[in-house]
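# Understanding the architecture of this molecule
Here's the letter readout for the chains.
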Amino acid sequence: MGAPPPTRPADHALARPRRRALAALAALAALLAVGGTVAYDLETPAPAPADAPADSFSAGRAYQHVQAISGQPHPAGSAANDQVRAHVESTLRGLGLQTEVQDTTAEEAGQLSGAAAGATLARVRNVVARLPGTDPTGKVFLVAHYDSVQTGPGGNDDAAGTSAVLEAARALTAGPRPRNDVVFVLTDAEEACLCGASAFAADHPLAADGGVVLNLEARGSTGPVVMFETSRDNAKLVDVFGRAAPHPVGTSFAVEIYRALPNDTDFTPFLDRAGFVGLNSAYIDGAAIYHTPLDTPAKVDRGSLQQHGDNALGLAREFGRADLTDLRAGHDATYFPVPGGLARYPGWLVLPLALAALVAVAALGWLARRRGRSTYGRIAAGFGLTLVPIVAAPLAAQLLWAGITAIRPNHAELLDPYRPTWYRLAVVALAATILLVWYALTRRRVGPAALAIGGLGWLAVLGVLLAVLVPGGAYLTSLPALAGALAGLVALTARIDGPWPVVAVTLAGAVAVLILLPPVVLLFPALGMAMGGVAALVVALLGLAALPVADLLHPEAGGQRGLVAARARRAGALPAVAAGLAAAVFAGVGLAADRFDATHPTPTHLMYALDAGTGQARWLSREAEPQPWTAQFVDGPADVGDLPGLGDPDLRGGPAQAASLPAPKVDVLADTRAAGQRTVRVRLVPQRTVRFVTLHVDAGTVVESATVNGRRLGGGRATDGAPWGYGIVFHAPPPEGVEITLVLAAGDRPTTLRAMDGSDGLTAVPGFRPRPADVGVVGSHSSELLAVARTYPL
């Protein structure tokens, strides 16, 4: 075989159309059309009015429940919580459903709010209703939690989910009865400890045989409803989701990431039990109001509510008619949203596709050399240089946000800014700027073909790595790499100045937009601007996949000299300059538009803690750099070792005036010794209306086991250096108190107990100064906490 023809500078590109400007315009228009279609498809549906057909879901009808449920904060155990439960129960009974309240004590799934050694429990009152099936093969569970955090009324979290379940129940009862039982589970104490879902999954007779769980959540106020978590071996579930959900938005990559995170929802206790499979969905944009007083009914996006309900109703009907005896497929599916539906393929295809992409890119490199479009040296250089935008784009995005938070430090306390759109556009434009600058500086020396192949090479390599480590995310790079390599092969075998090379690379660019644009859109609200670099990375990968189209914006590579070459360089710099200006404008507009005011208040955090035994009182805050309002109360680091159960050791504190408040009372009911053990039975009784009570033993005492309101628990001892040891945290305690039995390792040393309770609201505390209108409350389970503690010797 002869040597490949020499590489000519003018032939370095994969496509060199005769009418370059027209080809560039057509290709960009095509990609913009695909991008617009993808973005439009991710929009929420129009909310159906209250007079919509009886058997359909109506956001207008569901919103009436949102208003009834989220008029005020209603944490577990509160009087407002009782009112919400009564509304939920009466609504389900009014539909003719078999309805009951499961009233029990349950233990936390995981350790969200408990001590390092010990347990967290709650009294929960779940509302459970059943629509009997005609010939059941299993059960379908529609789940949402009706409690809220103490700091906000929970219009979105989770009055929207609860209301969607109630409206779906109404629609299901208005139509033909399903084949399978449909059980509506409105759980209590999700915000405290997931204890309501734990109680139902572990103890309720209807949960004994498992079933399909559809959990409805919200971590924001708007945006598409994303199915972000599934049970293992999800291929059959995902197939039903793609067919039956009217607006299916979800990615297997999100499932992989969520499985690796420590986050939990009511879905978690079901997954911890054998026999349950299911899907977990939420809308997540507009997270600035999450868990704050701003989470009111008025902030509920009715389009998001409509999508939640449409999907829940469609899935309930499909699972309601299906054979539920075997929904485990033996493997996870890869899936992602596309206009009009959900693309999906079996998990066993992931690695073969990734390897095929790698082989295709290698073949492209070989053919490019053979056709004289590049050399192996240039391709290697292109591969190495392509790492620059892959690293620089996310780094620049993080630096941009660091600069914005230096100007506006209060943004650091929010999950996402109140008005994040301009900042998101700035990150996208900044990533594009870096890519275009890099390309303008390297294309004439290395060549467009070598850089395009180098970019596809990184996509293919990342695809193989993801296929091995995070299979659900491999499609993000494997499919664009495969499409780009195939397009390159077509371009190299077609006439270089004809239309087919442009058509081929444009189609490959469209595939990249189709696959990578949804993650960009969804990653911003999912991770917040503090991790905007992840979205910037995906933008950079999208740009690398579309490099042959971007090359059409530049003059032909090579062949120019002198003034012509200078003009070509200036013309090639125009896209980078435009993107850079856009990034600066977007960031500037974001700073100008996203100011704190009475409607968008500065988030602040404050607590009050009193030791009723010593009379010492303190203000506490988790703010690392206190805001001016918070700085009135705290002035330096605080030692909170005497307040076990707060869950945050890194607090700032300041002296406070002691309020006349009683600590929870510890009544010793029995204290016996036998067989080397000491058994102490006490009743922990709150002396005021509180959200939770805690009881901890001293660090030197080993607890071998414990029983709380009849529920047996394991034991434990203090972690190294901790001033207090094993502890019990009990949410929504009844007025008569909580009975606790501790089995202690016998010894001669004295034992002491530390009791504490927590209520909500600081306005009546002496020395408290009301917040100005533009100062708000941060979304936190400890915001506005009033804790009273006392030590009791045994």
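Residues numbered from 1 in each chain as written. Predicted model: local features only at pLDDT ≥ 70, side-chain atom pairs only at ≥ 80, totals over all residues. Heavy atoms only, no water.

Right, let's talk about helix α8 (residues 252–260) for a bit. Here α8 has its buried residues at S252, V255, E256 and Y258. Seen along its axis, α8 keeps its buried residues to an arc of 170 degrees; they face one direction. The inward-facing, buried residues of α8 contact β6 (222–230), β8 (333–338) and α16 (475–493). (Buried < 20%, exposed > 50% of the residue type's maximum accessible area, 1.4 Å probe, protein only. Helix = DSSP H or I, 4+ residues; strand = E, 2+ residues; numbered from the N terminus. Arc of directions from axis to C-beta. Contact = heavy atoms within 4.5 Å.)

To continue, consider the sheet that holds strand β19 (residues 711–716). With respect to topology, five strands assemble into an open sheet ordered β15-β16-β21-β18-β19, the strand pairing being antiparallel. With one partner strand each, in any of the chains shown, β15 (665–674) and β19 form the two edges of the open sheet. Strand after strand, the sheet turns through a mean of 20 degrees between neighbouring axes, direction not considered. Both β15 and strand β16 (residues 677–685) contribute to a ladder of nine bridges, which runs antiparallel. Counterpart to K665 in the pairing with β16 is V685. (Pairing = 2+ DSSP bridges. Axes fitted to C-alpha atoms, helices over the stretch in contact; angles between N-to-C directions.)

The next point concerns the confidence of the model for the protein. Here the protein averages 93 in pLDDT, while 95% of its residues score no lower than 70. Note that residues 5–11 has pLDDT below 50 and, in this model, 20 contacts with residues that lie over four places away or in other chains. Low confidence marks residues 111–115, where pLDDT is under 50. Its contacts with residues over four positions away, or in another chain, come to 18 contacts. (pLDDT = per-residue confidence, 0-100.)

In this structure, the second largest pocket encloses a volume near 1,300 Å³. Looking at the second largest pocket, it is lined by 39 residues, and the ones nearest its centre are L32, V428, L517, V539 and L542. Sorting the residues of the lining of the second largest pocket by element identifies α1 (20–41), β6, β7 (276–285), α14 (421–446), α17 (499–527), α18 (532–545), α19 (547–551) and α20 (562–593) as the ones contributing at least two each. Element by element, the count of residues in the lining of the second largest pocket is highest for α14, at eight residues. Of the residues assigned to the lining of the second largest pocket, the class counts are 30 nonpolar, six polar and three charged. (1 Å grid on protein atoms, 1.4 Å probe; cavity = no way out; pocket = protein on both sides within 12 Å on 5 of 7 lines; lining within 4 Å. Points joined across faces, edges and corners; volume = space filled by probe spheres on them. Nonpolar A, V, L, I, M, F, W, Y, C, P; charged D, E, K, R; others polar.)

So, about the packing of helix α13 (residues 387–407) against α18. Remark: α13 packs on α18, axes separated minimally by 8 Å, with the N-to-C direction vectors making an angle of 145 degrees. Where α13 crosses over α18, the handedness of that crossing is right-handed. Where α13 approaches α18, its residues P389, I390, A393, P394, A397 and Q398 are matched on the opposing element by G532, G533, A536, L537, A540, L541 and L544. By residue class, the composition of the contact of α13 with α18 is ten nonpolar, three polar and no charged. (Left-handed = near helix turned anticlockwise from the far one by under 90°.)

Considering the arrangement of structural elements, one finds S759 in strand β22 (residues 752–760). Judged by relative accessible area, S759 falls into the buried class, the value being 8%. When near neighbours in sequence (up to four residues on either side) are disregarded, S759 contacts R688, T689, V690, R691, E784, L785 and L786.

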